[in-house]
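Residues per chain are reported as follows:
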Protein chains: 2
Amino acid sequence: MKWGELEDEPCSMARTIGVIGDRWTLLILRECFLRTRRFEGFQSSLGITRHLLAERLKKLVRQGVLRRIPYQDSPKRHEYILTQKGLDLHPIMMAIVHWGDTHMVDARGRPLLHQHRKCGKDFDPVMVCSECGEPLSAKEVHTHPGPGARGTPVSAAPEKKAKRETKSKTQRSAA
Amino acid sequence: MKWGELEDEPCSMARTIGVIGDRWTLLILRECFLRTRRFEGFQSSLGITRHLLAERLKKLVRQGVLRRIPYQDSPKRHEYILTQKGLDLHPIMMAIVHWGDTHMVDARGRPLLHQHRKCGKDFDPVMVCSECGEPLSAKEVHTHPGPGARGTPVSAAPEKKAKRETKSKTQRSAA
DNA sequence: TTTCTACAGTTCTAAAACAGAACTGTCAAT
DNA sequence: ATTGACAGTTCTGTTTTAGAACTGTAGAAA
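Scope of this entry: the structure provided in the associated data block.

Below, the discussion takes up the overall build of chain A. Helix and strand counts for chain A come out as seven helices and five strands. Going from the N terminus to the C terminus, chain A shows its helices and strands as α-α-α-α-β-β-α-α-β-β-β-α. In chain A, buried positions account for 53% of the 175 residues. Long-range contacts, defined as pairs at least 24 residues apart, comprise 39% of the intrachain contacts of chain A with a sequence gap of at least 6. Just so you have it, chain A exposes about 8100 Å², and 53% of that area is on carbon and sulfur atoms.

Structure follows, in structure tokens:
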């Protein structure tokens, strides 16, 4: 399987991995969430080669995760900012950081803390069920085929996810 | 930066990426959560080359994400099952799938649905604050240096995260 | 008893991706 | 006229990955 083929897989995880599933892309996105916007900013804070950085930024723009916006003419300069699609990656970032905080810290503790502006406290992200609000655990989740599963014709059921969309929107609304 | 160096970065995200930050590892873990346990199972459902599969499985075992357990002698055969550290990756997987469900579905809709056994409904994962329970959005999260930040000596503050650990454990307890 | 299949790898070669460094080009400041 | 900030592009050499074939154990089938 090549990189391009991932997006055609009937699996939301494979498709997402096609967008963010490499080392540098994830780190570039971390910088985006930490408010880095410019080429040199990414390059110096990550130590990524300029070649790869240019390529990854282009890819992220193509995929609608970043938007390339001019901030001066002569010479033309642009900055890269997260679109809504990009901001929606925040739960993934938080989940990744939280796992590292739990399993990969050294004796000194966490490199970064996260404060929730609304309540003012340092927090951990907790994943809950959109329907009942209870914290989720792997064992309590049962996976079953949906309308877009392999074998379902394209003409079929137009995704009856109205309720889920509505509920989970709380999560993105102010992102 | 090489793969090995990621784990030494003072950043939980970089360290986590050092473990799961490549295409195949993420897909292998998806299979683990879908109850695949054996070499041939991974190989045939993913189409990964046998060479890489063997290497990735070894790496995941080394890192304590999977455990290699014999299920027969002669010939020696093992299966790979998620450790607690591996099960704790579940929120990351759910967040990735959810983003794909939101932004990468075709006309047919979602390939997979997730049912919460406790409440019986198909759900979306929602990320909330461990302290106040409110859904999180990127803009409401303020990041600041913790005890393990770059520059902090190893001898310093032994991570005062007691409360956070306790609260977020609800999320993992039955995983 | 030779042959087939299931399983879990290992070994090989060619192709793709990546690292590291140097180069291009615009403009402002010295 | 030279330097430095910025945003890339181009080049060469190394590392990773893809794809296919091979190894080896053992039970079942011919």
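Taken together, the contacts link 103 residues of chain A with 103 residues of chain B. For the pairing of chain A and chain B, the buried interface totals around 10400 Å² over both sides, and the portion due to carbon and sulfur atoms is 62%. Interface area lost by chain A to chain B is led by Arg23, Trp99 and Arg108 of chain A, which between them contribute 9%. Measuring nitrogen to oxygen at the nearest pair gives 3.8 Å for the salt bridge that ties arginine 15 of chain A to aspartate 106 of chain B. Counting across the chain A and chain B interface gives 34 residue pairs in polar contact (both at pLDDT 80 or more). Broken down by element, the side of chain A that touches chain B gets its largest block of residues, 14 residues, from helix H6 (residues 90-103) of chain A. Taken together, the residues that form the side of chain A that touches chain B break down as 53 nonpolar, 23 polar and 27 charged. Bridge count between strand S4 (residues 125-129) of chain A and strand S4 (residues 125-129) of chain B: five bridges; the pairing is antiparallel. Its bridge partner lying in S4 of chain B, cysteine 129 of chain A is registered against proline 125 of chain B.

The environment of DNA strand C is formed by 23 residues, the closest being Arg50, His51, Tyr71, Arg77 and Tyr80 of chain B. Near the protein, within 4 Å, the atoms of DNA strand C are sugar or phosphate in 64% of cases. Tryptophan 24 of chain A places a polar side-chain atom, nitrogen or oxygen, 3.2 Å from a phosphate oxygen of DNA strand C. The separation between a phosphate oxygen of DNA strand C and a polar side-chain atom of arginine 68 of chain B is 3.2 Å. Top contributing element to the surface near DNA strand C by residue count: helix H5 (residues 50-62) of chain B, with four residues.

Quick look at the relation of the copies chain A and chain B now. Rotating chain A by 180° about the axis while translating it 0.0 Å along that axis superimposes it on chain B, leaving an RMSD of 0.0 Å. What the rotation and shift describe, once combined, is the action of a two-fold rotation axis. The C-alpha atom lying nearest the rotation axis in chain A is that of methionine 127 of chain A; the distance is 2.2 Å. Most of the interface of chain A is mirrored in chain B, where 100% of its interface residues again form contacts.

Any two aromatic rings considered together are summarised by their centre-to-centre distance and by the angle between their planes. Within the structure shown, the criterion is met by zero aromatic pairs over all chains. Seen from the ring of tyrosine 71 of chain A, arginine 38 of chain A lies directly overhead, with NZ or CZ sitting 3.6 Å from the centre.

Packing of H6 of chain A against helix H7 (residues 90-103) of chain B brings their axes to within 9 Å, and their N-to-C directions diverge by 170°. In terms of orientation, H6 of chain A lies roughly antiparallel with respect to H7 of chain B. In contact with Pro91, Ile92, Ala95, Ile96 and Trp99 of chain A of H6 of chain A, H7 of chain B contributes Pro91, Ile92, Ala95, Ile96 and Trp99 of chain B. Of the residues belonging to the contact of H6 of chain A with H7 of chain B, the class tally is ten nonpolar, no polar and no charged.

Attention shifts here to the protein's contact with DNA strand D. With respect to spatial proximity, 23 residues lie near DNA strand D, and among them Arg50, Tyr71, Arg77 and Tyr80 of chain A together with Arg56 of chain B are the closest. Considering DNA strand D, the proportion of its atoms within 4 Å of the protein that are sugar or phosphate atoms stands at 64%. For DNA strand D, a phosphate oxygen lies 3.5 Å from a polar atom in the side chain of lysine 58 of chain A. Here arginine 77 of chain A contributes a side-chain N or O atom positioned 2.3 Å from a base oxygen of DNA strand D. Put simply, the parts of the chain that give the surface near DNA strand D at least two residues each are helix H3 (39-46), helix H4 (50-62), strand S1 (66-72) and strand S2 (77-82) of chain A together with helix H3 (23-33) and H5 of chain B.

Residue and element names in this part refer to chain A. In the segment running from serine 74 into proline 75, the intervening peptide bond is cis, with an omega of -10°. Mapping proline 75 onto the fold places it in the loop between S1 and S2. Positive phi outside glycine occurs at serine 74, with the angle close to 45°. The topology assignment puts serine 74 in the loop between S1 and S2. By relative accessible area, serine 74 is classed as exposed at 66%.

One pass over the full model with this rule turns up 23 salt bridges over all chains. In this structure, arginine 110 of chain A engages aspartate 101 of chain A in a salt bridge whose closest nitrogen and oxygen atoms are separated by 3.5 Å. Judged by relative accessible area, arginine 110 of chain A falls into the buried class, the value being 2%. One network of salt bridges, in which partners are shared, links Arg15 of chain A together with Asp106 and Arg108 of chain B.

Calculation rules
Residues numbered from 1 in each chain as written. Chains lettered and ligands numbered in written order. Predicted model: local features only at pLDDT ≥ 70, side-chain atom pairs only at ≥ 80, totals over all residues. Heavy atoms only, no water. Helix = DSSP H or I, 4+ residues; strand = E, 2+ residues; numbered from the N terminus. Buried < 20%, exposed > 50% of the residue type's maximum accessible area, 1.4 Å probe, protein only. Contact = heavy atoms within 4.5 Å. Areas by Shrake-Rupley, 256 points an atom, 1.4 Å probe, with all protein chains shown as cover. Buried area = accessible area lost by both parts, 1.4 Å probe. Salt bridge = Lys/Arg side-chain N within 4 Å of Asp/Glu carboxyl O. Polar contact = N/O pair within 3.5 Å; in protein donor to acceptor, adjacent residues only side chain to side chain. Nonpolar A, V, L, I, M, F, W, Y, C, P; charged D, E, K, R; others polar. Pairing = 2+ DSSP bridges. Near = heavy atom within 4 Å. Least-squares fit on C-alpha atoms with pLDDT ≥ 70 in both. Phe/Tyr/Trp six-rings, centres within 6.5 Å; stacked < 30°, edge-to-face > 60°. Lys NZ or Arg CZ within 6 Å of the ring centre and 35° of its normal. Axes fitted to C-alpha atoms, helices over the stretch in contact; angles between N-to-C directions. Parallel < 35°, antiparallel > 145°, perpendicular 65-115°, else oblique.

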